Amino acid sequence: MLWLGVAYLGALAALFVTALWSQNSFTGLVERNWTLDSFRTLFTVDVYRTIALRTVGVAVLVTVIDAVVAFPIALYMSKVARPGLRRFLLVAVLMPLWASYLVKAYAWRGMFSEGGLVSSIAGLVGLNSPGYGLTATIVTLAYLWLPYMILPIYAGLERLPNSLLEASSDLGSKSLGTVRRVVLPMVFPAVVAGSIFTFSLTLGDYIAVRIVGGTNQLLGNVVYDNVGAANNLPFAAAVATVPVVVMLVYLAAIRRTGAMESL
């Protein structure tokens with residue numbers, strides 16, 4: 001707990017303090033004068049409000065896509081597949097985590113490029129490739145974080161007694177009814193656990209957006225640009241507080257549902 005307080009909470013405190021400093025417009029140096037100018041710029045300039053809303057929207061959409069894709073995979077792995085196949089599928093889910101983040105992101109860049117796999121498949125059905133942009137960003141991030149959603153749901157389904165499924169069947173419920181009335185309520189805390197990973201990782205991501213996002217920006221890119229070329233640390237710190245606040249609100253909302261107590 002002491003190490004957590006020093007390394008994590010201390011870093012957050014330093015972040016918030018830095019956000020209250022200013023940058024000299026002539027020299028570009030950081031001045032330790034207390035001001036809310038960085039937050040005022042963040043909330044009054046339209047482009048930054050748009051980027052913040054876009055980032056939250058992308059994070060929500062990536063989380064929903066991962067939950068929809070992960071649930072049937074985890075359900076098959078835990079309740080349908082034989083033990084030998086189950087172990088193989090578990091390794092298959094974990095294998096993408098062994099590859100480098102950059103390798104996977106650039107692989108998707110190649111697939112979304114002109115003449116790539118996506119454009120070739122889209123051309124077969126008479127559609128145009130989305131190219132680089134928000135669609136490519138959402139697909140890439142959903143792929144990157146999918147294992148972090150599958151594994152918690154799989155663990156939650158493993159703890160679900162088969163006797164409950166058999167009892168639901170004996171009482172006349174069909175398969176879809178059992179999934180909706182028995183499985184989903186029981187596995188909801190596991191979905192919440194997975195969503196914490198996918199939502200928070202998407203909020204802070206900036207590399208995938210640079211690789212496949214085209215001209216679009218998320219909050220992570222704004223932080224990166226202001227730390228690097230602009231050297232505006234106070235504004236970068238102010239922007240970085242937005243994902244922190246969003247995650248605190250998200251965790252508070254989850255706690256009100258009671259899912260946190262069941263994790």
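Given the structure is predicted, the values throughout are model-derived calculations rather than measurements. (Residues numbered from 1 in each chain as written. Predicted model: local features only at pLDDT ≥ 70, side-chain atom pairs only at ≥ 80, totals over all residues. Heavy atoms only, no water.)

(A) A look at the overall build of the protein. Check the secondary structure of the protein and you find 12 helices and two strands. Each helix and strand of the protein, placed in order from N terminus to C terminus, yields the pattern α-β-β-α-α-α-α-α-α-α-α-α-α-α. Counting only C-alpha atoms and orienting by the principal axes, one finds that the protein spans roughly 75 × 50 × 30 Å. Residues classed as buried in the protein amount to 36% of the 263 residues present. In the protein, the proportion of contacts linking residues at least 24 apart, taken out of those at least 6 apart, comes to 68%. Side-chain charges of the protein comprise 17 positive and 11 negative groups, with the mean position of each set lying 7 Å from the other. (Helix = DSSP H or I, 4+ residues; strand = E, 2+ residues; numbered from the N terminus. Buried < 20%, exposed > 50% of the residue type's maximum accessible area, 1.4 Å probe, protein only. Contact = heavy atoms within 4.5 Å. Lys, Arg positive; Asp, Glu negative; His and termini not counted. Charge placed at Lys NZ, Arg CZ, Asp CG, Glu CD.)

(B) Main features of the side chain of Asp 66. In this fold, Asp 66 is placed in helix 3 (residues 46-80). Look at Asp 66: it is buried, it has no salt bridge, and the nearest opposite charge is Lys 104 at 11 Å. Ignoring sequence-local partners within four residues, the contact set of Asp 66 consists of Ala 142, Trp 145, Leu 146, Met 149 and Thr 198. (Salt bridge = Lys/Arg side-chain N within 4 Å of Asp/Glu carboxyl O.)

(C) Local environment of the UniProt feature "transmembrane region" (unreviewed entry) in the protein. According to UniProt, the feature "transmembrane region" (unreviewed entry) maps to residues 51-76, 88-108, 132-155, 182-203 and 233-253 in the numbering used here. Secondary structure over residues 51-76 splits into 100% helix and 0% strand, and the C-alpha atoms at its two ends are 38 Å apart. (UniProt positions renumbered as here; feature names shortened; annotations may be inferred.)

(D) Expanded view of the environment of Ala 237. Within the secondary structure, Ala 237 is located in helix 12 (residues 233-257). On a C-alpha basis, the gap between Ala 237 and Trp 21 in space is 9.5 Å, while along the polypeptide they are 216 residues apart. Residues in contact with Ala 237, not counting those within four places in the same chain, are Leu 15, Thr 18 and Ala 19.

(E) Main features of the packing of aromatic side chains. As enumerated under the stated definition, the model contains eight aromatic pairs in all. Chaining the aromatic ring pairs together yields one cluster made of Tyr 101, Trp 145, Tyr 148 and Phe 197. (Phe/Tyr/Trp six-rings, centres within 6.5 Å; stacked < 30°, edge-to-face > 60°.)

(F) Region of the structure containing the side chain of Asn 226. Counting through the fold element by element, Asn 226 comes out in helix 11 (residues 219-227). Once you skip the residues sitting within four places of it in the chain, Asn 226 turns out to touch Asn 231, Asn 232, Leu 233, Phe 235 and Ala 236.

(G) Examining the environment of Thr 55 more closely. Tracing the chain through its elements places Thr 55 in helix 3. According to the relative accessible area criterion, Thr 55 is buried, its value standing at 0%. Thr 55 sits 42 residues away from Ala 13 along the chain, and the two C-alpha atoms are 23 Å apart. Residue contacts for Thr 55: discarding those within four places in its chain leaves Leu 203, Leu 218 and Leu 219.

(H) Geometry of the nonpolar core. Counting 16 residues, the largest nonpolar core has Ala 70, Phe 71, Ile 150, Ile 153, Leu 157, Val 183 and Val 187 as the members making the most contacts within it. Looking at this core, the elements that each hand over two or more residues are helix 3, helix 7 (134-158) and helix 9 (175-204). By residue number, the principal contributor to this core is helix 7, which donates six residues. The residues contacting Val 187, other than those within four sequence positions of it, are Phe 71, Ile 153, Gly 156 and Leu 157. (Core = buried A, V, L, I, M, F, W, Y, C linked by side-chain atoms within 4.5 Å.)

(I) A look at a nonpolar patch on the surface. On the surface, Val 60, Leu 61, Val 64, Ile 65, Val 68, Val 69 and Ile 73 cluster together into a nonpolar patch covering about 520 Å² of accessible area. Examined against the element boundaries, Ile 65 turns out to sit in helix 3. (Patch = residues over 30% accessible without salt bridge, like charges linked within 9 Å, V, L, I, M, F, W, Y side chains within 5 Å. Areas by Shrake-Rupley, 256 points an atom, 1.4 Å probe, with all protein chains shown as cover.)

(J) Layout of the packing of helix 4 (residues 83-98) against helix 7. It is the contact of helix 4 with helix 7, at a shortest axis distance of 8 Å, that shows an interaxial angle of 150°. For the pair helix 4 and helix 7, the crossing hand works out as left-handed. Contacts between helix 4 and helix 7 involve Arg 86, Leu 90, Val 93, Leu 94, Pro 96 and Leu 97 on the former and, on the latter, Tyr 143, Pro 147, Tyr 148, Ile 150, Leu 151, Tyr 154 and Glu 158. Looking at the contact of helix 4 with helix 7 residue by residue, the classes come out as 11 nonpolar, no polar and two charged. (Axes fitted to C-alpha atoms, helices over the stretch in contact; angles between N-to-C directions. Left-handed = near helix turned anticlockwise from the far one by under 90°. Nonpolar A, V, L, I, M, F, W, Y, C, P; charged D, E, K, R; others polar.)

(K) The environment of Leu 157, seen in detail. With respect to the helices and strands, the residue Leu 157 is situated in helix 7. What makes Leu 157 buried here is its relative accessible area of 0%. With sequence-adjacent residues up to four places away left out, Leu 157 is seen in contact with Ala 74, Leu 75, Ser 78, Lys 79, Val 183 and Val 187.

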